[in-house]
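Chain residues, written in single-letter form:
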Amino acid sequence: MPVTSAYLNRVFADVEKRNHGEKEFLQAVKEVFESLDLIIEKRPDLVKAGIIDRLVEPERSISFRVPWVDDQGILRVNRGYRIQFNSAIGPYKGGLRFHPSVNTSIIKFLGFEQIFKNSLTSLPIGGAKGGADFDPKGKSDGEVMRFCQSFMTELHRHIDADTDVPAGDIGVGVREIGFLFGQYKRITNRFAGILTGKGLSYGGSLVRTEATGYGLCYFTEEMLNQRGKSFKDTPVLISGSGNVAIFAAEKAIEMGARVIALSDSNGFIHAPGGINLDLVKEIKLVKRGRLAEYADVERSATYHEGRGIWKLQCGIALPCATQNELDEEDAAALIKNGCFAVAEGANMPSVPGAVERFLKAGILFGPAKAANAGGVATSALEMSQNSIRLSWTFIEVDQRLQEIMRNIFKNIHDASAAYGAPGNLVAGANIAGFLKVADAMLAYGVV
Ligand code: GLU
């Protein structure tokens, strides 16, 4: 969709010039601008104050050397990042991603998205992201530990419970958070809530592990209810097989769905009768293995190399793997095969052309910023518990999560109608997320 506002087009040209070639970051900014196009004429105060000129420039970008020694005694060097994008409504908050594809563009797109997502949670958290081009795959526990210790040795000077609170993302789970937290505590002599996604014995919150996947299903259920649909007896495709995918599958199954496929970066499993989630958990979470092993045990399922998961028939699709994993062709296949709802568990998994197709076809579409906000929302609940030095029960945190996801749906649904794009939850999420941050920035003057 072309952006019509001259102001937004001028800002976008500046962003392109200043962030030349940063494909993912430019994609994320463009998508938000397409939504802001609907409101910017009505808010000359925001234009005059240059709110969007400021919003697209991170408040602080840190990149640093991470040297470590592998099991063979060979010195390795990776690049670490922390991009503190916006702190208008709370301390910077967002995950750390350890993956070989990590670069400035990826961290910037994730940090930018996080501003809006965190705002939608209605909790006081700003937007940031970080990580490293380190590949945890095939590394020993000792190597991962030494990498995490080196990473935190630099990162510790940039974070604090009231400044910036990182968490996990792809490649960073409770093992890595444990190593990072242990090193922080050792070098600062402080036991503080400076990371979320911690283990339960040292300040973690119940439900945090499940939160992104569970939250995705709570959000999707709200969205489905609008059209008198539900997960019940519906075939569901879920890409990925990490934390988000596994717990989305768990909740979807609990809600009566038949989850028939999951994937990893090598291929996908197709289990028409429904997947055996215990086996997936054993392979992926315990053994850190590959999905291909699943079909060796479960003979009723088939394993397919490559990225053909979206060509299967389904009612609901939940992309939970990574950015730009669902292209236009995939979207066309899903629509043709009867899919009526898509909700994004990963960050920006659908390419812009795919989103356009879903919206045009009238398919229920829950964008990542809203649909996967349950993870970071529960992180904010972990921060609250750390501040009051108490822990809430599983039921208590889960109920808060359900309420947050229901509110997010309601707010973005209402915003889509209020700003002239009824039912377009992409526009609703971008606008509702933006306005809260913009109002805070406006209140601060030029900072
Ligand atoms: N990485 C997650 C996300 O994309 C969680 C961030 C957090 O808990 O701070 O929102």
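Structure: above.
Since the model is a prediction, treat every value here as computed from it, not as a measurement.

A.B. asks: Explanation requested: the site of the ligand in the structure shown.
C.D. replies: In the vicinity of the ligand lie 14 residues, with Lys93, Lys117, Gly168, Asp169 and Ser379 positioned nearest. The contact in question runs from an oxygen atom of the ligand to an N or O atom on the side chain of lysine 117, over 2.8 Å. Glycine 168 is positioned such that a nitrogen or oxygen atom in its backbone is 2.9 Å from a nitrogen atom of the ligand. In isolation the ligand offers 300 Å² of accessible surface; the protein chains occlude 94% of this area. Sorting the residues of the shell around the ligand by element identifies β3 (92-98), α5 (104-120) and α15 (374-388) as the ones contributing at least two each.

A.B. asks: I'm lost on the nonpolar core in this one. Help?
C.D. replies: Soluble globular proteins: nonpolar side chains tend toward being buried together. Within the largest apolar cluster, 60 residues are counted, with the highest numbers of intra-cluster contacts made by Phe219, Ile238 and Ile275. Ranked by residue count, the leading element in this core is helix α8 (residues 208-225), at 8 residues. If we ignore the near neighbours within four places in the chain, the residues touching phenylalanine 219 are Gly366, Ala370, Ala371, Met405, Ile408, Phe409, Ile412 and Leu425. Ranked by size, the runner-up nonpolar core spans 41 residues in total, among them Leu8, Val29, Leu36 and Phe434.

A.B. asks: Help me understand the state of the cysteines in this model?
C.D. replies: Each disulfide is one covalent bond, formed between the sulfur atoms of two cysteines. Per the stated rule, a full pass over the model turns up 0 disulfides. Sulfur of cysteine 320: no disulfide; nearest cysteine sulfur belongs to cysteine 217 and is 7.9 Å away. Cysteine cysteine 339 remains unbridged, with the sulfur of cysteine 314 as its closest cysteine sulfur at 4.1 Å.

A.B. asks: In this structure, what is going on with unusual backbone geometry? I would like to understand it.
C.D. replies: The phi torsion at asparagine 189 lies on the positive side, around 60°, for a residue other than glycine. One can find asparagine 189 in the loop between α7 (174-188) and α8. Here arginine 288, not a glycine, exhibits a phi torsion of approximately 50°, which is positive. Tracing the backbone shows arginine 288 in the loop between α10 (277-286) and α11 (292-297). With relative accessibility at 51%, the residue arginine 288 sits in the exposed group.

A.B. asks: Just checking my understanding: could you explain the sheet that holds strand β1 (residues 60-69) for this structure?
C.D. replies: Within a sheet, each strand pairs with its neighbour through backbone hydrogen bonds, oriented either parallel or antiparallel. Within the open sheet, the 5 strands sit side by side as β1-β2-β4-β3-β5. Their pairing is mixed. Edge positions in the open sheet fall to β1 and β5 (164-167), since each of these has one partner strand only. For this sheet the average axis-to-axis angle between neighbouring strands, irrespective of direction, equals 20°.

A.B. asks: Looking at this model, I keep getting lost on the layout of surface pockets. Mind explaining?
C.D. replies: Empty pockets left among the atoms are what a rolling probe the size of a water molecule brings to light. Within this model, the second largest pocket holds a volume of roughly 790 Å³. Together, 39 residues line the second largest pocket, and Val355, Glu356, Leu359, Asn424 and Val426 are the ones closest to its centre. Of all the secondary-structure elements, those providing two or more residues to the lining of the second largest pocket are α2 (23-36), α13 (352-360), β12 (364-366), α14 (368-371), α16 (394-418) and α17 (425-444). By residue number, the principal contributor to the lining of the second largest pocket is α2, which donates 7 residues. Considered class by class, the residues forming the lining of the second largest pocket number 20 nonpolar, 8 polar and 11 charged.

About the cut-offs
- Residues numbered from 1 in each chain as written.
- Predicted model: local features only at pLDDT ≥ 70, side-chain atom pairs only at ≥ 80, totals over all residues.
- Heavy atoms only, no water.
- Near = heavy atom within 4 Å.
- Polar contact = N/O pair within 3.5 Å; in protein donor to acceptor, adjacent residues only side chain to side chain.
- Areas by Shrake-Rupley, 256 points an atom, 1.4 Å probe, with all protein chains shown as cover.
- Helix = DSSP H or I, 4+ residues; strand = E, 2+ residues; numbered from the N terminus.
- Core = buried A, V, L, I, M, F, W, Y, C linked by side-chain atoms within 4.5 Å.
- Buried < 20%, exposed > 50% of the residue type's maximum accessible area, 1.4 Å probe, protein only.
- Contact = heavy atoms within 4.5 Å.
- Disulfide = S-S within 2.5 Å.
- Pairing = 2+ DSSP bridges.
- Axes fitted to C-alpha atoms, helices over the stretch in contact; angles between N-to-C directions.
- 1 Å grid on protein atoms, 1.4 Å probe; cavity = no way out; pocket = protein on both sides within 12 Å on 5 of 7 lines; lining within 4 Å.
- Points joined across faces, edges and corners; volume = space filled by probe spheres on them.
- Nonpolar A, V, L, I, M, F, W, Y, C, P; charged D, E, K, R; others polar.

Nothing here speaks to function; it is all geometry.
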